Amino acid sequence: MDNHTSLPEFFIVAFSTFSAYKSYLFTVFLLIYLIALLANSAIITVIYIDQHLHTPMYLFLCNLSLLDLCYTTVTLPKLLYMLLSGNYTVSFIQCFTQMYFYWESVSTEVVLLFTMAYDRYVAICNPLHYHRIFNRKLCVELTAAIWVTGCLNSLLILIAATHMTFCNSYIINQFFCDAKSLMKLACTHKEEFSIVIYVEVFVFGISPFFISLTSYIKIISTILNIKSRDGRKKAFSTCSSHLTVLTIFYGTAITVYLMPPSDHNKVLELIFTVLYTVVTPMLNPLIYSLQNKDVKRALKRFTGIQKR
């Protein structure tokens, strides 16, 4: 960034026009944040304590809950502060720091969801080789690689973003410092950064989504060929929750980043952004706890509802 970026702050205006409803918005987002914190923390604690859940599938689920905690913590505390104080400004350093950790969470979650889809594919389509393929060493290496990939990818996006200059407007029509919103404000290197974003959408969005979808077509086909009704039910229960999470996350995220820039799409874009950055991290642990029998039993044992 050069001398055009002498103004020390951006203005987040997504909810600033709803001044009459600030208290209601604050209450809603605070409840979502608290539910997300409690639900994801419960999943992490239960998986850590319960020996029955010390398997690759639940190791990845534990990381997903940790990521969802990061997701909400990156965006919601600042939004709650703005709604409470009425101060909708954010400095350049704060803005780019938030953008880095947001993209780190997004990139890591995309790779993690893709790995979880492959885990379910091997478990159902190649069960005899599952423990040989997903051994302890590989799971640890995969987990480390997933987080490192997210960090490096976010760093590349941040470096690309810092080459843009902002000379026309500093008003962000979003509730946090999103890369797409910053791109709209840029007056130089805008085209280069837009290419980076669309490559990101293809590499970390569309491609893994369709590969995961193809895996699930094979998984469902394999499940339907299982002769035992109980076997089909058990196999489907182990992957239905992940398929639900995958669909919600990719569906809303890809919609946001492929939505053409337009004044008519501002409200729709805000709604979809709230869905995948705020609502989805809250729903993920609820989806897994409601649809997964192993998690439900572990939660009951943890809370004392069911005897060990």
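All values reported here derive from a predicted model rather than from experimental measurement. (Residues numbered from 1 in each chain as written. Predicted model: local features only at pLDDT ≥ 70, side-chain atom pairs only at ≥ 80, totals over all residues. Heavy atoms only, no water.)

A. Here's a closer look at the side chain of Asp50. Relative to the helices and strands, Asp50 is located in the loop between helix H1 (22-49) and helix H2 (56-85). Side chain to side chain, Asp50 and His52 meet in a polar contact 2.8 Å long. Aside from chain neighbours lying at most four places away, what touches Asp50 is Ala298 and Arg301. (Helix = DSSP H or I, 4+ residues; strand = E, 2+ residues; numbered from the N terminus. Polar contact = N/O pair within 3.5 Å; in protein donor to acceptor, adjacent residues only side chain to side chain. Contact = heavy atoms within 4.5 Å.)

B. Representation of the nonpolar core in the model. Counting residues in hydrophobic clusters, the biggest one holds 94 residues, and the most contacted among them are Phe10, Phe15, Phe29 and Phe166. Counting residues per element, this core draws most heavily on helix H3 (residues 92-125), at 18 residues. (Core = buried A, V, L, I, M, F, W, Y, C linked by side-chain atoms within 4.5 Å. Buried < 20%, exposed > 50% of the residue type's maximum accessible area, 1.4 Å probe, protein only.)

C. Geometry of the state of the cysteines. Counted under the stated rule, the structure contains 1 disulfide. Each sulfur of the disulfide joining Cys95 and Cys177 lies 2.1 Å from the other. The sign of the -120° torsion about the S-S bond sets the Cys95-Cys177 disulfide as left-handed. Note that Cys95 is positioned in helix H3 and Cys177 in the loop between strand E3 (171-172) and helix H6 (179-185), a separation of 82 residues in sequence. A single burial state applies to Cys95 and to Cys177, both of which are buried. Its sulfur unpaired, Cys125 is 9.2 Å from the next cysteine sulfur, which belongs to Cys239. Overall, the relative accessible area of 17% leaves Cys125 in the buried class. Free of any disulfide, Cys139 has its nearest neighbouring cysteine sulfur in Cys62, separated by 13 Å. (Disulfide = S-S within 2.5 Å.)

D. Quick look at the pattern of salt bridges. One pass over the full model with this rule turns up 1 salt bridge. Here Asp119 makes a salt bridge to Arg120, at a shortest N to O gap of 2.9 Å. Among the residues examined, Asp119 registers a relative accessible area of 1% and is labelled buried. (Salt bridge = Lys/Arg side-chain N within 4 Å of Asp/Glu carboxyl O.)

E. Spatial organisation of the sheet that holds strand E2 (residues 89-91). Ordered in space as E2-E1-E3, the 3 strands form an open sheet in which the pairing is mixed. The open sheet has two free edges, formed respectively by E2 and E3, since each of these has just one partner strand. As defined by bridge partners, strand E1 (residues 9-12) adjoins E3 across 2 bridges and the pair is classed as parallel. Bridging from a neighbouring strand, Ile12 pairs with Ile172 of E3. The strands that H3 touches are E1, E2 and E3; relative to E2, the one it contacts most, it runs at about 85°. (Pairing = 2+ DSSP bridges. Axes fitted to C-alpha atoms, helices over the stretch in contact; angles between N-to-C directions.)

F. Representation of the packing of aromatic side chains within the structure. All told, the structure shown has 18 aromatic pairs when counted by the stated rule. Judged by centre distance (6.3 Å) and plane angle (80°), the rings of Phe60 and Phe134 are edge-to-face. Of the two residues, Phe60 is situated in helix H2 and Phe134 in the loop between helix H4 (130-133) and helix H5 (136-162); the sequence distance between them amounts to 74 residues. Each member of the pair, Phe60 as well as Phe134, carries the same accessibility label: buried. (Phe/Tyr/Trp six-rings, centres within 6.5 Å; stacked < 30°, edge-to-face > 60°.)

G. Seen up close, empty space enclosed by the protein. Inspection of the entire model under this criterion finds 3 cavities of 30 Å³ or more. Taken together, 13 residues make up the lining of the largest cavity; nearest its centre are Val106, Phe204, Gly205, Ala253 and Tyr257. Among the secondary structure elements, those contributing two or more residues to the lining of the largest cavity are H3, helix H7 (190-224) and helix H8 (229-258). Among the elements that line the lining of the largest cavity, the one with the most residues is H8, at 5 residues. (1 Å grid on protein atoms, 1.4 Å probe; cavity = no way out; pocket = protein on both sides within 12 Å on 5 of 7 lines; lining within 4 Å. Points joined across faces, edges and corners; volume = space filled by probe spheres on them.)

H. Inspection of the layout of surface pockets at higher detail. The calculated volume of the largest pocket comes to roughly 580 Å³. Together, 21 residues line the largest pocket, and Arg120, Lys234, Ala235, Thr238 and Asp294 are the ones closest to its centre. Looking at the lining of the largest pocket residue by residue, the class counts come to 9 nonpolar, 5 polar and 7 charged. Volume-wise, the second largest pocket comes out at about 350 Å³. What lines the second largest pocket is a set of 14 residues, among which His54, Thr55, Pro56, Leu59 and Arg136 lie closest to the centre. Counting residues per element, the ones that place at least two in the lining of the second largest pocket are H1, H2 and H5. (Nonpolar A, V, L, I, M, F, W, Y, C, P; charged D, E, K, R; others polar.)

I. The packing of H3 against H5, seen in detail. With their axes 8 Å apart at the nearest point, H3 and H5 run at an angle of 140° to one another. Accordingly, the angle class assigned to the pair H3 and H5 is oblique. The element H3 and its partner H5 pack so that their crossing is right-handed. Along the lines of polarity and charge, the residues of the contact of H3 with H5 split into 14 nonpolar, 8 polar and 1 charged. (Parallel < 35°, antiparallel > 145°, perpendicular 65-115°, else oblique. Left-handed = near helix turned anticlockwise from the far one by under 90°.)

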